[in-house]
Amino acid sequence: ATYQGHNIDPCLKGIAVNNKKQVHIVDVAARLAKRLAIEKQGDEFGELSDSHPLQQNLEKLTEDEKEMTLGEMYNNQLTVLIRLAHRWKRVAKERRQQQSHVEGDS
């Protein structure tokens, strides 16, 4: 996934994040292992089905505390930063216009 030109690792963007902005280490380790397996196996890599016991155990482990995913948190924070940058740019432009208007009146 990409947001405004910033890449988010597809294996890591789904990591569960709780309301304290914490992640579960087992979820992180499993997703890093998946990324390595994809890199090593390439086209031969096969996803576990949602009904696979290991997949279900991992979901149970993180689902209770999950408030959002790492990708969602990243996008939310990036959106806030972009809005702040636009606001700062607009305010700076308004100040320059006010300054030039005041200097023109002198």
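A quick note: this is a predicted structure, and the numbers were derived from the prediction, not measured.

Colleague: How would you explain the overall build of the protein if you had to name every residue and give the values?
Modeller: Across its full length, the protein carries three helices and four strands. Tracing the protein from N to C terminus, the helices and strands come up as β-β-β-α-α-β-α. A total of 106 residues make up the protein; the buried ones form 17% of that total. Excluding contacts between residues fewer than 6 apart, the proportion of contacts in the protein whose partners are at least 24 apart in sequence is 62%. By element, 52% of the accessible surface of the protein is carried by carbon and sulfur atoms, the whole surface being about 8500 Å².

Colleague: Please give an account of the environment of A33 that cites residues and values.
Modeller: Within the secondary structure, A33 sits in helix 1 (residues 25–41). Residues A33 and C11, spaced 22 residues apart in sequence, show a C-alpha to C-alpha distance of 9.3 Å.

Colleague: A description of the pattern of salt bridges should follow, citing residues and the corresponding values.
Modeller: Tallied over the full model, the rule gives two salt bridges. D27 is the salt-bridge partner of R31, the closest N and O atoms lying 2.8 Å from each other. On the criterion of helical spacing, the pair formed by R31 and D27 is a turn pair, its members being four residues apart in helix 1. Under the relative-accessibility criterion, D27 is labelled buried at 1%. We note a salt bridge from E94 to R90, for which the minimum N-O separation is 3.7 Å. Of the two residues, E94 and R90 both sit in helix 3 (residues 70–105), four residues apart, roughly one turn of that helix. On the basis of relative accessibility, which here comes to 47%, the residue R90 falls in the partly exposed class.

Colleague: Explain unusual backbone geometry to me, and be specific about the residues and the numbers.
Modeller: Phi is positive for K21, close to 65°, though the residue is something other than glycine. One can find K21 in the loop between strand 3 (16–17) and helix 1.

Colleague: So, the confidence of the model for the protein: which residues are in play, and what are the values?
Modeller: Detail in the predicted coordinates should be disregarded across regions flagged by low pLDDT. Averaged over all residues, the pLDDT of the protein is 77; the fraction at 70 or higher stands at 87%. The spread of mean pLDDT over the elements of the protein runs between strand 1 (residues 2–3), the lowest at 44, and helix 1, the highest at 84. Low pLDDT (under 50) marks residues 1–5, which in the prediction has 10 contacts with non-local residues, meaning those over four places away or in another chain.

Colleague: Tell me about helix 1, residues and numbers included.
Modeller: The end-to-end C-alpha distance of helix 1, which contains 17 residues, comes to 24 Å, matching closely the 24 Å that a straight helix rising 1.5 Å per residue would cover. Just beyond helix 1, the residue with positive phi is G42, at close to 60°.

Reading the values: rules and limits
- Residue positions are given per chain, counting from 1 as you read along its sequence in written order.
- In keeping with the predicted nature of the model, local features appear solely for residues at pLDDT of at least 70, side-chain atom pairs appear and are counted solely at 80 or more, and the whole-chain, interface and lining totals rest on all residues.
- Calculation of side-chain values draws on the structure's entire complement of heavy atoms; hydrogens and water are dropped beforehand.
- For helices the rule is a DSSP run of H or I covering at least 4 residues; for strands it is a run of E covering at least 2, with both sets numbered from the N terminus onward.
- Relative accessibility decides the category of a residue: with a 1.4 Å probe and only protein chains considered, values under 20% of the type maximum give buried, values over 50% give exposed, and everything between is partly exposed.
- Contacts between residues were defined by any pair of non-hydrogen atoms, one from each residue, lying within 4.5 Å.
- The method behind every accessible area is Shrake-Rupley, applied with a 1.4 Å probe, and residues are considered shielded solely by the protein chains displayed.
- For this document, the term salt bridge refers to a Lys or Arg side-chain nitrogen within 4 Å of an Asp or Glu carboxyl oxygen.
- For every residue, the pLDDT score states the predictor's confidence, bounded by 0 at the bottom and 100 at the top.
- By this rule the span expected of a helix is its residue count minus one, scaled by 1.5 Å.

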